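# Observations on the model geometry
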Amino acid sequence: MVRRFPEPAVKNPCQHSLTLSPLETAEVVLGALTVLPLRIIALLAFMPLTWLSMSIPVIGVRPGQHLSPLRRTFVVNVTRNCVRFVLFLCGFLWVRTTGKRVSHWDAPVNVAAPHSTPFDGFLSGGVIYGSTLFCREVLDNFFTRPIMAVTEGIPVDREDRGARSKVAEQVDNFLSSPGRQTHLMAFPEGTCGNGKSLMCFRRGAFLPGKAVQPIALDFHGRPPIAVWTY
């Protein structure tokens, strides 16, 4: 006799099953045949401009060096809007924020969860705007490398056993820098889940002992095709 256990109250954050109703299936097929080609064409036409808007402000800027006020003004008024338009073309039509974000001096660290899609990183740059902790592999990508430079991100080598102490030192140096003008945005789960439950937080963003403001991410789109775990 097979014993059946009740469904767990908390879903496994590393599992995601995409179940579509007949209506949702029809919507996906119709969108793939009509809207998707137009979005791809628009993205291909707009991506070079977005890449240039991210590359221009960091010309001549050394790693770890803060952007000057003029460069930062360009980022906030030009680069940020370009990234937001890319998100719009990718289907994130409206992004609503509730609550008030305190200044980067009162709470220098923002922790956002649940982390369910790579678009979260673009969200932090195009909507919230802040420096981020990111995996070092991002630097190997020709397109994403300027994103991390323009947001003054901190790379994390997840294969390095001593990465925790190095990240803590980098974060502490960043938060203590007198030229800092942004929050540090961290996704403490360290990887993408299904967005329905939280994974254990990694300690990197908390080790410096600075004030933290939590940010809850919630995607209302149906079907949830942006989730990056299966």
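Each remark here, short or long, concerns the structure printed above.
Residues numbered from 1 in each chain as written. Predicted model: local features only at pLDDT ≥ 70, side-chain atom pairs only at ≥ 80, totals over all residues. Heavy atoms only, no water.

### A closer look at the packing of helix α2 (residues 35–55) against helix α3 (residues 69–89)
- The geometry of α2 relative to α3 is characterised by a closest axis approach of 10 Å and an angle of 160° between their N-to-C directions. When the axes of α2 and α3 are compared, the pair comes out roughly antiparallel. Of the two possible hands of crossing, α2 and α3 adopt the one that is left-handed. Here α2 contributes R39, A42, L43, F46, M47, T50, S53 and M54 to the contact with α3, which in turn contributes F74, V78, T79, C82, V83, F85, V86 and L89.
- Tallied by class, residues from the contact of α2 with α3 come to 12 nonpolar, 3 polar and 1 charged. (Axes fitted to C-alpha atoms, helices over the stretch in contact; angles between N-to-C directions. Helix = DSSP H or I, 4+ residues; strand = E, 2+ residues; numbered from the N terminus. Parallel < 35°, antiparallel > 145°, perpendicular 65-115°, else oblique. Left-handed = near helix turned anticlockwise from the far one by under 90°. Contact = heavy atoms within 4.5 Å. Nonpolar A, V, L, I, M, F, W, Y, C, P; charged D, E, K, R; others polar.)

### Remarks on the packing of helix α1 (residues 22–33) against α2
- For the pair α1 and α2, the least separation of the axes is 3 Å and the interaxial angle reads 45°. With respect to α2, the axis of α1 lies oblique. Between α1 and α2, the residues in contact are L30, G31, A32 and L33 and V35, L36 and P37, respectively.
- Residues of the contact of α1 with α2, tallied by class, amount to 6 nonpolar, 1 polar and no charged.

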